[in-house]
Amino acid sequence: MGGPNAEGAGGPSEPDDGRARRVRDALERRAIALFAAGTTLLLVLLFYYPVATVLIESVVVEGAFTLAAFAELLRDPFYFGDLARLLAGESPRAVAGDVLAGQRRLGIVGFTAYQAALSTLLSLALGLPAAYVLARYEFRGRKTLRSLTILPFVLPSIMVAIGFVATFGQNGTLNAVLSAFGLGPVELLFTLEAVLIAHAFYNAPLVARVTTAAWESVDARTVETARSLGAGPFRAFRDVIAPQLYPAVLMGGALTFVFTFGTFPIVLALGGFELATVEVFVYQLVRELNYTEAAALAIVELAITLGVLYAYLRYEAKHTVRSRGVRPLPRKSLLPANPSLRELVPRLGIGVYALVALVVFVSPIASMLYTSVTGPSGLTLDHYRFLMERQATGAAFQVQPWPAIRNSLVFAAGALALSLPMGVVVSVLTTRRYRGRKLVDAVSMAPLAVSGIIVGIGLLRGPVFGVEIAGWRFAVGGAVAIVAAHAVTCYPFVVRTVAPGFESLDHRLIESARALGASRARALVDIELPLVWPGVVAGAAFATAISIGEFSSTIVLATGTDQYTMPIAIERFIGRRLGPATAMGVVLLFVSSVSFVIIDRLGGESFGL
Amino acid sequence: MRRRTFLESGVAATAIGLAGCSANPVDDDDADDDTLAVATYGSFVDAPSDSPGEWIKDEFEERHDVTLEWHTPDQEINYYIERHNEDVGIEPELYLGFSPHELVRVDRNTEGELFTEWDEGGLEHADDVDEEFYFDPQDRALPTYSSYCAIVYDGRTVAEPETFEDLLDPEYEGQIALSNPQEGTTGLLFLLWTIDQFGEEGYLDYWEALLENDVRILDSWGDVYTQFEEEEVPVIVSYSNDRVYAERDGNDLEKHRVSLLNDEAYANVSGMGRFADGTNDELAHEFADFVLSPEVQAVIAERNVTGPVNTETDLPEVYEEYAQIPDDPVFFDYDELDENLETWLDGWSDVVAGGR
């Protein structure tokens, strides 16, 4: 392609150059439309169509349309508790009487919502102080720490469960420490509390991340103005800073609710079947091949989570603050300059929080590291030796460490290359003004909210088995399909980190660029993207994390032995001995930590999610 | 600069997107007589400790001068049920390693035949297979290996539970873990065992009592075993040959003790079936005969830690010494499972998870 210096050069090649430029200009003019079409095609091919093939089974039974599955589900107290009794036509008075007499029954769906609400509260309680520290204090390693807040996203639940057992179990680290102080022991495993803490382990970092970003983009001048008008620090926080944080806090909360509502392995590994959630039953019904009920249940799950997302998006649209922090608030040093009471009290609080964070976030990971170097007879490197041996002598059909690492990185890079443009284009489309756009936005978030097993089965039946047309079967399989599926899962995160930026941009900027003759795509790339770049970088970090941690669609789409990833290797290495799996878990942890720090540093010192 | 990468990445993505699709003629009959594809579950060929898959592949290839290909889809037998129902065709000749309850699932969810009958006349070693291991009334499942569900307990910290009632003793409160019967095999075997013990009328009462005693129901046998290894729970539902593994792996045998409740254990048999779509009957039969031969049965016993079905097998010493085999195994046959399994499981899940 001719560069700018080739333009206007005479000679025989000129007509070609002209044509190339015309083609390029035409492409550029239509770039957004092309990307939108490409995104839609990919979503239809690898998400909506496959998922629809499964969900349709809830309303089409033996070729006839029916809503019987839903009717039955809604009237089943097993799922809907007292609500089901009302829907089944019992008198409200009788139900109310039972509830007042203390015989309330939540049902599986009610219980799932209940634990998700508690998980969200706990995640907020643990995430917000972290955001406060990261946004308001300066200390060595702050940036690295902020990069690493995304780490829990890649950790397979089995690893977290192992870490939690070693930390919070009867013989765990926590009880050992407590007994040294003459306290305890506490019984945490197999309780709702254990599940809630594990959910906080996954989601509090997310809350911290989005809130930190919002806090860092608060304009210091607004606070200074409030203070100069006589507001105390607390009042200034309540009236000036806090309103700018609410959208981010609510987004963290809404996503946490959605993720914990659809939770499955953590609940069963740390709580047991008595705490089983809706997703557990969706899995079971799918395993029994009872698709009618499984699909109906998955739709109920989807309706609830999409409802929460939709409510949040409505709120976000109304409350986005339309000014970006030109000058962020100055950070304080973690070590106080002059030890006055007002300086010391918040730092004391930080100290207490740091202890809690150490127990909840650091010790499970440390326990996992420790498990990877211990065997039946003390410290050993046997598990890492196993990985080396597997690499050297493993059979072709067996999972080996290096290809798993390589594939994970290649797939993550591919997913990144696809999901960033997809996410940006969807953000542009959903921040334009038209009726019902929040509905479109919510629907485009569906990959966050659909049950993983349903997506898996849908992919299997759709793209993997292929479609038969005129005697040919068109099938999508292998590495490219995995990358595309990862991109579909990742792009909602890009949208959620980029869209609020677009929303708060001054539209006159784009109008001016357009008036000066820039195409819509050029205005996007040259004007808008640099302004929302921190959000794009944050989206990239999320996309990488999701792709590296992805399990369910990878295992369905990996048709050959050269397509498995690190999480699949971990799953395969679990047997009666934990060692090899934890060693592989440590490899995963190391590889992804390095990736995140690199990605975050690419964002420069700028503020962003 | 950024614009360039932005546009180019899109073009590249479209290009690889197209490259990832494949289109094949539907009647693609590239059946290769020199390759035998066998489907099984993952850990049969790829376990961190040891698994028989690799040895079987090498040995069979050498003896028969063919290539053996393992297929291990994550959804195991459900994957082939799906393929059958979607009419997509099944590549492997046979599936190795399914249990009676899985065969029930196959039959309830497929129209027509997923598996077809064996021609036992063509199998040299079939006569030596113990009759008691046959579980398919239609002779599509050839017994392959057996195992028994039993209690494994940490002999250093708790006393041996000898009966089902013992498990309700306050001594074991919060000390017992088992896998979810709807998901994990051992959990299902234990549930069936309790139904055999207490009858259809009584098993739910027994489970209520177990729940009162704070029994832990986790997702899979792997989760349960993790808790046992980490010494969080000293009593688990596992397999009667646990000590074979413990001995081989250098674990403390006092920690790995096995209890056969009432001197019984629930039998689980794994079978292999020949896909009805198969195109190479001869090779499939050769493979089956190979698996049933005493020599291979002994290797499977050692590397898969499961018992042989061929009565002529010379058991490896470690197996002979450490595996416990009940005199009188408990089990439900295919017809009983076919008729009742769904009801039994639904009843169970109502009692355990329904009270919220």
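Residues numbered from 1 in each chain as written. Chains lettered and ligands numbered in written order. Predicted model: local features only at pLDDT ≥ 70, side-chain atom pairs only at ≥ 80, totals over all residues. Heavy atoms only, no water.

**Looking at the overall build of chain B**
To be explicit about the condition: Secondary structure is summarised from DSSP: a helix means a run of H or I of at least four residues, a strand means a run of E of at least two, and numbering begins at the N terminus for each. Based on C-alpha atoms, the radius of gyration is set beside the globule rule, defined as 2.2 Å times the residue count to the power 0.38. Residue burial is assigned from relative accessible area. The probe radius is 1.4 Å, only protein chains are included, and a residue is buried under 20% of its type maximum, exposed over 50%, and partly exposed in between.
Per the secondary structure count, chain B includes 12 helices and 11 strands. Taking 2.2 N^0.38 as the reference for a compact globule, 356 residues should give roughly 21 Å; the C-alpha atoms of chain B span a radius of gyration of 23 Å, in line with that estimate. Seen along its three principal axes, the alpha-carbon backbone of chain B occupies a region of about 65 × 65 × 45 Å. By the burial criterion, 58% of the 356 residues in chain B qualify as buried.

**Regarding the environment of Ser-217 of chain A**
Along the chain, the position of Ser-217 of chain A falls in the loop between α10 (192–216) and α11 (220–228). The sequence separation of Ser-217 of chain A and Val-424 of chain A amounts to 207 residues, and the corresponding C-alpha distance is 20 Å.

**Focus: the UniProt feature "domain: ABC transmembrane type-1" (unreviewed entry) in chain A**
Going by this rule: UniProt positions are given in the numbering used here, feature names are shortened, and annotations may be inferred rather than shown by experiment.
If you check UniProt for "domain: ABC transmembrane type-1" (unreviewed entry), the listed places come out as residues 109–312 and 405–599 of chain A in our numbering. With 76% helix and 1% strand, the stretch residues 109–312 of chain A has end C-alpha atoms that lie 21 Å from each other.

**Considering the packing of α10 of chain A against helix α16 (residues 341–372) of chain A**
Residue and element names in this part refer to chain A. Threshold: The convention used is that axes are lines fitted to C-alpha atoms, helices contributing only their stretch in contact, and that angles between N-to-C directions extend from 0 to 180 degrees. In this scheme, roughly parallel covers angles under 35 degrees and roughly antiparallel covers those over 145, while 65 to 115 is roughly perpendicular and the rest are oblique. In what follows, a contact means two residues having at least one pair of non-hydrogen atoms within 4.5 Å. The nonpolar class holds Ala, Val, Leu, Ile, Met, Phe, Trp, Tyr, Cys and Pro. Asp, Glu, Lys and Arg form the charged class, and all remaining residues, Gly among them, are polar.
The geometry of α10 relative to α16 is characterised by a closest axis approach of 10 Å and an angle of 105° between their N-to-C directions. By the angle between their axes, α10 is roughly perpendicular relative to α16. Between α10, through Ile-197, Ala-200, Phe-201, Ala-204 and Pro-205, and α16, the contact on the second element is made entirely by Val-360, Phe-361, Pro-364 and Ile-365. Among the residues making up the contact of α10 with α16, the classes are represented as nine nonpolar, no polar and no charged.

**Examining the domain arrangement of chain A**
Residue and element names in this part refer to chain A. Convention followed: Domain start and stop positions are those given by an automatic or database domain assignment. Once two parts are put together, the accessible area they lose, assessed with a 1.4 Å probe and summed over both, is termed the buried area. What counts as a salt bridge is simple: a side-chain nitrogen of Lys or Arg found within 4 Å of a carboxyl oxygen of Asp or Glu. Side-chain atoms alone can form a polar contact between residues adjacent in sequence; in general such a contact is a pair of N or O atoms within 3.5 Å, and within protein one must be able to donate a hydrogen while the other accepts it.
Domains assigned within chain A are domain 1 (111–333 + 340–366) and domain 2 (373–609). Between domain 1 and domain 2, the C-alpha centre-to-centre distance is 21 Å. Counting the surface lost from both domain 1 and domain 2, the interface buries some 4,400 Å², and carbon and sulfur atoms represent 72% of this. Applying the counting rule to domain 1 against domain 2 returns one salt bridge. Among the ionic pairs, Arg-496 bridges to Glu-316, the shortest N-O distance being 3.5 Å. In this assembly, domain 1 and domain 2 are joined by two residue pairs in polar contact (both at pLDDT 80 or more). Mapped onto the side of domain 1 that touches domain 2, the elements with two or more residues apiece are α7 (142–148), α8 (157–168), α10, α12 (233–261), α14 (278–287) and α15 (291–319). At 14 residues, α15 tops the list of elements feeding residues into the side of domain 1 that touches domain 2. Across the side of domain 1 that touches domain 2, the residue classes tally to 32 nonpolar, six polar and 12 charged.

**Structural notes on the nonpolar core**
Note the following rule: Among buried residues, the Ala, Val, Leu, Ile, Met, Phe, Trp, Tyr and Cys ones that are joined through side-chain atoms within 4.5 Å form a nonpolar core.
Counting 278 residues, the largest nonpolar core has Phe-190 and Phe-287 of chain B as its most contacted members. Broken down by element, this core gets its largest block of residues, 15 residues, from helix α22 (residues 479–504) of chain A. Taken together, domain 1 (111–333 + 340–366) and domain 2 (373–609) of chain A each give at least three residues to this core, which thus spans both. Apart from residues lying up to four places away in sequence, Phe-190 of chain B is in contact with Cys-149, Ile-151, Phe-164, Leu-167, Leu-178, Trp-207, Leu-210, Val-237 and Leu-261 of chain B. Membership of the second largest hydrophobic core comes to 17 residues, among which are Ala-226, Val-240, Leu-245 and Leu-329 of chain A.

**What about the interface of chain A and chain B?**
With 75 residues of chain A at the interface, the matching set in chain B holds 72 residues. Interface of chain A and chain B: buried area, both sides summed, is about 6,900 Å²; carbon and sulfur atoms make up 56% of it. It is Arg-287, Phe-397 and Arg-576 of chain A that lose the most area in chain A upon contact with chain B, and together they represent 13% of the buried surface on that side. The tally of links from chain A across to chain B stands at five salt bridges. In this structure, the salt-bridge partner of Arg-390 of chain A is Asp-46 of chain B, at a minimum N-O distance of 2.8 Å. Here chain A and chain B share 15 residue pairs in polar contact (both at pLDDT 80 or more) between them. Split into classes, the residues belonging to the side of chain A that touches chain B amount to 48 nonpolar, 13 polar and 14 charged.

**Side note on the pattern of salt bridges**
Tallied over the entire structure, the rule returns 39 salt bridges over all chains. Of the charged contacts, one joins Arg-63 of chain B and Glu-59 of chain B as a salt bridge, the two residues approaching to 3.4 Å between their closest N and O atoms. Here the residue Arg-63 of chain B and the residue Glu-59 of chain B both occupy positions in helix α3 (residues 52–64), the gap between them amounting to four residues, near one helical turn. Taking the relative accessible area as the measure of exposure, Arg-63 of chain B reaches 40% and is therefore partly exposed. Its salt-bridge partner being Glu-254 of chain B, residue Arg-257 of chain B comes within 2.8 Å of it at the nearest N-O pair. Within the structure, one salt-bridge network assembled from shared partners comprises Glu-138, Arg-142, Arg-146, Glu-216 and Arg-331 of chain A.

**Considerations on the environment of Ile-350 of chain A**
Residue and element names in this part refer to chain A. With respect to the secondary-structure elements, Ile-350 resides in helix α16. Given the relative accessible area of 12%, Ile-350 is considered buried. Beyond its immediate chain neighbours, meaning those up to four positions away, Ile-350 contacts Tyr-132, Val-133, Tyr-137 and Leu-334.

**Some words on empty space enclosed by the protein**
Here is the rule we go by: Detection works on a 1 Å grid of protein atoms alone, calling trapped sets that fit a 1.4 Å probe cavities and calling open sets with protein on both sides within 12 Å along at least five of seven lines pockets, with lining residues defined by an atom within 4 Å of a point. Grid points are joined across faces, edges and corners, and a volume is the space filled by probe spheres set on the points.
Per the counting criterion, the structure on display carries four cavities of 30 Å³ or more. Reported here for the second largest cavity is a volume of approximately 70 Å³. Taken together, Ile-158, Ala-161, Ile-162, Val-165 and Ala-269 of chain A together with Asp-223, Thr-226 and Gln-227 of chain B make up the full set of residues lining the second largest cavity. Elements supplying a minimum of two residues to the lining of the second largest cavity: α8 of chain A together with α7 (221–229) of chain B. The leading source of residues in the lining of the second largest cavity is α8 of chain A, at four residues. Classifying every residue of the lining of the second largest cavity by side-chain character gives five nonpolar, two polar and one charged.

**Side note on a nonpolar patch on the surface**
Residue and element names in this part refer to chain A. Note the following rule: Residues enter patches when they are more than 30% accessible in relative terms and free of salt bridges; like-charged ones are connected within 9 Å and nonpolar ones (Val, Leu, Ile, Met, Phe, Trp, Tyr) within 5 Å. The protein chains shown are the only cover counted for residues, whose accessible areas, like all others here, come from Shrake-Rupley with a 1.4 Å probe.
A surface patch of nonpolar side chains, about 560 Å² in accessible area, is lined by Val-44, Tyr-49, Val-467, Ile-469, Trp-472 and Phe-474. With respect to the element layout, Val-467 can be found in strand β7 (residues 467–469). Overall, Val-467 belongs to the partly exposed group, its relative accessible area being 38%.

**As for the pairing of strand β7 (residues 176–179) of chain B**
All names here are of chain B. What counts is decided by this rule: Strands are treated as partners if at least two bridges between them are detected by DSSP. Here a crossover is taken to be right-handed if, once the strands point away from the viewer, the path from the first strand over the helix to the second is traced clockwise.
Of the two faces of β7, the one carrying Ile-176 and Leu-178 and the one carrying Ala-177 and Ser-179 are both buried. With two bridges joining them, β7 and strand β9 (residues 235–239) adopt parallel strand pairing. Directly across from Ala-177, in β9, lies its bridge partner Ile-236. In this fold, the crossover linking β7 to strand β8 (residues 216–218) by way of helix α6 (residues 185–212) has right-handed handedness.

**Thoughts on helix α4 (residues 77–86) of chain B**
Side chains that are three or four residues apart share a direction in an α-helix, a result of its 3.6 residues per turn. Residues and elements named next belong to chain B. Within α4, eight of the 10 residues are buried, leaving the element largely enclosed by the surrounding structure. Three or more residues of α4 are buried, namely Ile-77, Asn-78, Tyr-79, Tyr-80, Ile-81, Glu-82, Arg-83 and His-84. Backbone geometry just downstream of α4 places Asp-87 in the positive-phi region, at approximately 60°.

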